[in-house]
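So the chains spell out like this:
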Amino acid sequence: MTGPPCGSLLDYKTAKFSVTRNRRVGLLHRLLQLSALGYLLGWVLLLRKGYQERDAAPRVAVVTKVKGAAAAEAAGRRLWDAADLTWPPQGENVLFLVTHFTATIQQAQGTCSESPSVLDGMCTEDADCPLGKPVVHGNGIKTGKCLMFNTTHSTCEIYGWCPVENDTLPRKPLLAEAENFTIFIKNTVHFTKFNFSKCNTLQTTDPSYFKNCTYDPVFNPSCPVFRVRDMVEAAGKNFGDLALLGGIIRVLIEWNCDLDHPAAQCQPQYSFRLQDTMYNFSVSHRTASYYWGSQRQLYRNLLKLYGIRFDLSVHGQSFLSRAGENGLSHLKKNLLVMSRGGRFSSLKAGAVKCSVGKAGKFSIVPTAVSFGTSIAFFGAATMVCDLILLYLDAKADLYWKGKFEEVYEPSMIPL
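What comes next is a walk through the structure. As the structure is a prediction and not an experimental result, all values here were calculated from the model. (Residues numbered from 1 in each chain as written. Predicted model: local features only at pLDDT ≥ 70, side-chain atom pairs only at ≥ 80, totals over all residues. Heavy atoms only, no water.)

Comments concerning the pattern of salt bridges
Logical step 1: Taken as a whole and judged by the stated rule, the model has four salt bridges.
Logical step 2: The partner of aspartate 120 in a salt bridge is lysine 142, with the nearest N and O atoms 3.5 Å apart. Within this pair, whereas aspartate 120 is found in the loop between β6 (94-113) and β7 (140-148), its partner lysine 142 is found in strand β7, the two being separated by 22 residues in sequence. (Salt bridge = Lys/Arg side-chain N within 4 Å of Asp/Glu carboxyl O. Helix = DSSP H or I, 4+ residues; strand = E, 2+ residues; numbered from the N terminus.)

In structure tokens:
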């Protein structure tokens, strides 16, 4: 008897359960189910906390202040305090602390010999010093004369600030006391989606607390006053070595907060990492102070400052679970930095930079998604075992006949 015009297109298939006494496939099925269960309990729920909703739109504020004093004998005895040792950085979230310097005092505009350390300033005759040509990587403009600098070197005469800059760097940092300076870092994070704010400072009414405390990860974790030496050592470096030519240290503030727990347990974690050491190209800045002499001659004192640059990095990312709220918001960051006691600025960025952080709270929506994914893995375990039985097992034909059965209507039973 011929079938219907549309053939198997109009056939209906329903599930049929068959118990197969195959221990190898049965063991594989249980192992796959246990793996799916372990994924749900271990990875999704415990490690990734898939039952929590995330808020990745925090607002972060950072305030830094430097305290300390040091004395140096170079270019006359001088006292250096936080106003002298803290310089405006290249970036708004950067703090530069002076640890070493060279001084060239009483410079005046005039003519003098170029330094023999400048290759373009070396000469053997006047023809090597063309008039009006600037010295490459030098200190002035050539006057057309070649002068004896000392018994072994001849250099071009230049018009510039004379005497030329002193580039002889002492072998020990002149501001070694800077290791005892302290940096106050106040950090506030606000998760706008959950209306939750947290500060890294201890909420106290004692005005002298922050003047006497120093950060300790075990005994004093709520004191945001860090000793410079401790920060350098935490980055794996000796202060004396780093202070000589300078370096870059990244200060990372990491927020890992679970909003299902009391707010008091939401505390930041600090880490310090050495980004670079400047053995070939030092971290330095030049600054000059100008004054008039008795003969109305303009003079200046030139300082070349070496130091440690601290890159401050903070990031907040939250997880919150409220009924009726769902979806993962886009990343947004608003970083506010204040440096040098009263200098306030803001930096807005659309990406996380050198920082890690998270906070979370239970939500029914991500919980349902996580359980739905795990249930799908349970179904995949059954599908894998069916494929092995029906296509790879030696008794595949027997399993195929036991699993699939054709049922006909009485009028369609073949003769």
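Now that the structure has been shown, the text picks up again.
Notes on a positive patch on the surface
Logical step 1: On the surface, a cluster of positive charge is contributed by Lys65, Lys67, Lys186 and Lys211.
Logical step 2: Counting through the fold element by element, lysine 186 comes out in strand β9 (residues 182-191).
Logical step 3: For lysine 186, a relative accessible area of 35% gives the class partly exposed. (Patch = residues over 30% accessible without salt bridge, like charges linked within 9 Å, V, L, I, M, F, W, Y side chains within 5 Å. Areas by Shrake-Rupley, 256 points an atom, 1.4 Å probe, with all protein chains shown as cover. Lys, Arg positive; Asp, Glu negative; His and termini not counted. Charge placed at Lys NZ, Arg CZ, Asp CG, Glu CD. Buried < 20%, exposed > 50% of the residue type's maximum accessible area, 1.4 Å probe, protein only.)

Observations regarding the side chain of asparagine 200
Logical step 1: Secondary-structure assignment places asparagine 200 in the loop between β10 (196-199) and α3 (209-212).
Logical step 2: When its relative accessible area of 1% is taken as the criterion, asparagine 200 is described as buried.
Logical step 3: Of the polar contacts made by the side chain of asparagine 200, one reaches the backbone oxygen of isoleucine 185; its length is 3.0 Å.
Logical step 4: Apart from residues lying up to four places away in sequence, asparagine 200 is in contact with Ile185, Lys186, Asn187, Ser222, Pro224, Trp255, Pro268 and Tyr270. (Polar contact = N/O pair within 3.5 Å; in protein donor to acceptor, adjacent residues only side chain to side chain. Contact = heavy atoms within 4.5 Å.)

Overview of unusual backbone geometry
Logical step 1: Cis geometry marks the peptide bond from cysteine 162 to proline 163; its omega dihedral reads 0°.
Logical step 2: Positive phi is not limited to glycine here, since histidine 137 has a value of about 55°.
Logical step 3: Relative to the helices and strands, histidine 137 resides in the loop between β6 and β7.
Logical step 4: Taking relative accessible area as the criterion, histidine 137 reaches 78% and is therefore assigned exposed.
Logical step 5: Positive phi outside glycine occurs at arginine 296, with the angle close to 55°.
Logical step 6: Mapped onto the elements, arginine 296 comes out in the loop between β14 (284-292) and β15 (298-315).
Logical step 7: Arginine 296 sits in the exposed class, given a relative accessible area of 61%.

Concerning the side chain of threonine 99
Logical step 1: Of note, threonine 99 is situated in strand β6.
Logical step 2: Assessed through its relative accessible area of 0%, threonine 99 is described here as buried.
Logical step 3: One polar contact links the side chain of threonine 99 to the main-chain carbonyl oxygen of alanine 243, over a distance of 2.7 Å.

Regarding the packing of aromatic side chains
To describe a pair of aromatic rings, you give the distance between the ring centres and the angle between the ring planes.
Logical step 1: In total, this model carries eight aromatic pairs according to the counting rule given.
Logical step 2: Relative to tyrosine 299, the ring of tyrosine 291 lies with its centre 5.8 Å away and its plane at 15°, an arrangement referred to as stacked.
Logical step 3: Residue tyrosine 291 is classed as partly exposed on the basis of its relative accessible area, which comes to 29%.
Logical step 4: Among the aromatic residues, those joined into a ring-pair cluster are Tyr215, Phe226, Tyr270 and Phe272.
Logical step 5: Over the ring of tryptophan 292 we find arginine 296, and its NZ or CZ is 4.8 Å from the ring centre. (Phe/Tyr/Trp six-rings, centres within 6.5 Å; stacked < 30°, edge-to-face > 60°. Lys NZ or Arg CZ within 6 Å of the ring centre and 35° of its normal.)

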